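Structural overview
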Amino acid sequence: MERKVVFSGVQPSGSLTIGNYIGAIKNFATLQDEYDCFYCIVDLHAITVPQVPKDLRKRSLDVLALYVACGIDPDKSTLFMQSHVPAHAELSWVLNTITYMGQLNRMTQFKDKARKSEENLNAGLFTYPVLMAADILLYQTDFVPVGDDQKQHIELARDLAERFNNRYSETFKVPQGLYNEFGARIMSLQNPEVKMSKSDADENAFILLLDDKDAIRRKVKRAVTDSEGVIAYRDEQPGLKNLINIYSLFSNEKVESIVNRYEGVGYGKFKEDLAEVIIEGLLPIQEKYHYLMNNKDYLEEIYKKGADKAEYHAMKTLRKVYKKVGFIPRR
Ligand code: AMP
Ligand code: TRP
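Residues numbered from 1 in each chain as written. Chains lettered and ligands numbered in written order. Predicted model: local features only at pLDDT ≥ 70, side-chain atom pairs only at ≥ 80, totals over all residues. Heavy atoms only, no water.

Examining the domain arrangement of the chain
Taken as a whole, the chain is organised into domain 1 (5-179 + 295-325) and domain 2 (203-290). Domain 1 and domain 2 are separated by 30 Å when their C-alpha centres are compared. Summed over both partners, the interface of domain 1 with domain 2 comes to about 1,300 Å²; 77% of that surface belongs to carbon and sulfur atoms. Seen at the junction of domain 1 and domain 2, the total is 4 residue pairs in polar contact (both at pLDDT 80 or more). Sorting the residues of the side of domain 1 that touches domain 2 by element identifies helix 1 (18-31) and helix 3 (53-69) as the ones contributing at least two each. By residue number, the principal contributor to the side of domain 1 that touches domain 2 is helix 3, which donates 6 residues. When its residues are assigned to classes, the side of domain 1 that touches domain 2 shows 9 nonpolar, 2 polar and 3 charged. (Domains from an automatic or database assignment. Buried area = accessible area lost by both parts, 1.4 Å probe. Polar contact = N/O pair within 3.5 Å; in protein donor to acceptor, adjacent residues only side chain to side chain. Helix = DSSP H or I, 4+ residues; strand = E, 2+ residues; numbered from the N terminus. Nonpolar A, V, L, I, M, F, W, Y, C, P; charged D, E, K, R; others polar.)

Given below as structure tokens:
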């Protein structure tokens, strides 16, 4: 029996945060025993906002190293750079021709980014979700593990798969998003109304996977809470709720049990302990990351092998698509 396929991607557009880890990457590793997993470093997506080329190169390798450091096994999963498999850009073009402008205009991520970057409103930002649909559909993907900020994009991928299938006959598998119940949205430490993002201008808003102990302690200490003064898990205390979620996800301790244990204890002590829980959780990841970054040949081997394998699967789908839309085969 064929195994089901999992596909996901992370942009090499900054250093990864614990939001990326909890919302997405942590789950990647747990899926690899049961599914055929493809984990991509989506560099084509990253250039929809201005990048310094040499930093982009460094970060792309960083994300690969962090994938492996977070437990993804390159012998089980396929790890590769999006730009190494041209079929992504090619399918994206075809899908563009069946995507309605109105659909893309409704994308909240686009609207957000458009508001923030009026002087660089490039067409790539607008068609970004189409490229993401191409990523997913090329591999006949069943499941896409992502944070819940990507729901609308996943819906578009499903919609485009169905539209293409209806117009040209059955070609794509219709994928499903896979959202992690609690970790689906880790919020900013400075403003619990917005998600934690590596592109936040305030670096106290996020914790990076590669932050050192002092930075973690400092950022947790400064995290915004409230003036209630009681440890409780409720929507009226969103800052605290977010911190309890993070505690729970790093320690694997149930929210209820954490709340009980800290009953009557001040925020100060809770935050101190939280910082240590995060530090301890990140330590093995950081050690493995540094080890891998000193073994670049090994990383190179991983992405080369990954691209070959990914390309084989991607080309099977792309050939079908080209045939269905009426292009003459080259051979
Ligand atoms: P990105 O950094 O935008 O490429 O996101 C990579 C993955 O991390 C995607 O699956 C996102 O949904 C997920 N992600 C990013 N930020 C968060 C967050 N604050 N909470 C949960 N998941 C997140
Ligand atoms: N848009 C995703 C994000 O910002 C990254 C991404 C690109 C992706 N292509 C993908 C995620 C395909 C899952 C599947 O987080």
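Considerations on the site of ligand 1
Taken together, 17 residues lie near ligand 1, and G147, D149, I186, M196 and K198 sit nearest. Between ligand 1 and Q11, the relevant distance is 3.0 Å, taken from an oxygen atom to a main-chain nitrogen or oxygen of the residue. Contact distances for ligand 1 include 2.9 Å between a nitrogen atom and a backbone N or O atom of M196. With the chains in place, 93% of the 480 Å² that ligand 1 exposes on its own is no longer accessible. Tallied by class, residues from the shell around ligand 1 come to 6 nonpolar, 7 polar and 4 charged. (Near = heavy atom within 4 Å. Areas by Shrake-Rupley, 256 points an atom, 1.4 Å probe, with all protein chains shown as cover.)

Some remarks on the environment of A114
Relative to the elements of secondary structure, A114 occurs in helix 6 (residues 108-116). Residue A114 is classed as buried on the basis of its relative accessible area, which comes to 13%. For the pair A114 and F126, spaced 12 residues apart in sequence, the C-alpha separation works out to 8.8 Å. (Buried < 20%, exposed > 50% of the residue type's maximum accessible area, 1.4 Å probe, protein only.)

Quick word on unusual backbone geometry
Despite not being glycine, S169 shows a phi value in the positive range, around 95°. Secondary-structure assignment places S169 in the loop between helix 8 (151-168) and strand 5 (176-178). Of note in the backbone geometry, N252 takes a positive phi value of approximately 60° without being a glycine. Tracing the backbone shows N252 in the loop between helix 10 (238-251) and helix 11 (255-261).

Looking at helix 12 (residues 267-293)
For helix 12, spanning 27 residues, the distance from its first C-alpha to its last is 37 Å, which sits close to the expected 39 Å at 1.5 Å a residue. Residue L283 marks the point of greatest curvature in helix 12, where the axis turns by about 35°; the proline P284 follows within four residues. (Expected span 1.5 Å × (residues − 1). Bend = angle between axes of the 7 residues up to and from the residue.)

Examining the nonpolar core
Generally speaking, a soluble globular protein has its nonpolar side chains buried in company with each other. Core analysis: the largest hydrophobic core is formed by 65 residues, its most contacted members being Y39, L64, Y67, F250, F270 and I278. Here the element with the most residues in this core is helix 12; it accounts for 12 residues. (Core = buried A, V, L, I, M, F, W, Y, C linked by side-chain atoms within 4.5 Å.)

Quick notes on the side chain of N242
Its location among the elements puts N242 in helix 10. Once residues lying within four places of it in the same chain are set aside, the contact partners of N242 are R185, I186, M187, S188 and L189. (Contact = heavy atoms within 4.5 Å.)

Concerning the side chain of H88
Following the sequence through the fold, H88 ends up in helix 4 (residues 87-96). The class for H88 is buried, based on a relative accessible area of 0%. A polar atom in the side chain of H88 sits 2.9 Å from the side chain of Y139. What H88 contacts, discounting residues up to four positions off in sequence, is F7, L44, F80, Q82, L131, A134, D135, L138 and Y139.

Looking at the packing of aromatic side chains
By the definition in use, this model includes 16 aromatic pairs. For the ring pair Y21 and F250, a centre distance of 5.9 Å and an interplane angle of 35° mean the geometry is tilted. Here F250 lies in helix 10 and Y21 lies in helix 1, a separation of 229 residues in the sequence. The pair formed by Y21 and F250 is uniform in burial state, with each residue classed as buried. Cluster of aromatic residues (ring-pair linked, three or more members): F7, F38, F80 and Y139. (Phe/Tyr/Trp six-rings, centres within 6.5 Å; stacked < 30°, edge-to-face > 60°.)

As for the site of ligand 2
Taken together, 13 residues form the shell around ligand 2, and within it Q11, Y128, M132, D135 and Q150 come nearest. Take Y128: an N or O atom from its side chain is 2.7 Å from a nitrogen atom of ligand 2. Considered on its own, ligand 2 offers 370 Å² of accessible surface; in the complex 90% of this is hidden by protein. The element that contributes the greatest number of residues to the shell around ligand 2 is helix 7 (residues 123-137), accounting for 4 residues. Each residue belonging to the shell around ligand 2 can be placed in one class, and the counts come to 7 nonpolar, 5 polar and 1 charged.

Re the pattern of salt bridges
Scanning the entire structure with this criterion turns up 19 salt bridges. Close ionic contact of R185 with D148 constitutes a salt bridge, the shortest N to O distance being 2.8 Å. Of this pair, R185 sits in the loop between strand 5 and helix 9 (213-222) while D148 sits in the loop between strand 4 (143-145) and helix 8, and the two are 37 residues apart along the sequence. Residue R185 is classed as partly exposed on the basis of its relative accessible area of 36%. A salt bridge links K241 to D235, with the shortest nitrogen-to-oxygen separation between them at 2.5 Å. A residue is classified by how much of its surface remains accessible, and D235, at 57% relative accessible area, is exposed. Salt bridges sharing partners connect three or more residues here, namely D214, R217 and E276. (Salt bridge = Lys/Arg side-chain N within 4 Å of Asp/Glu carboxyl O.)

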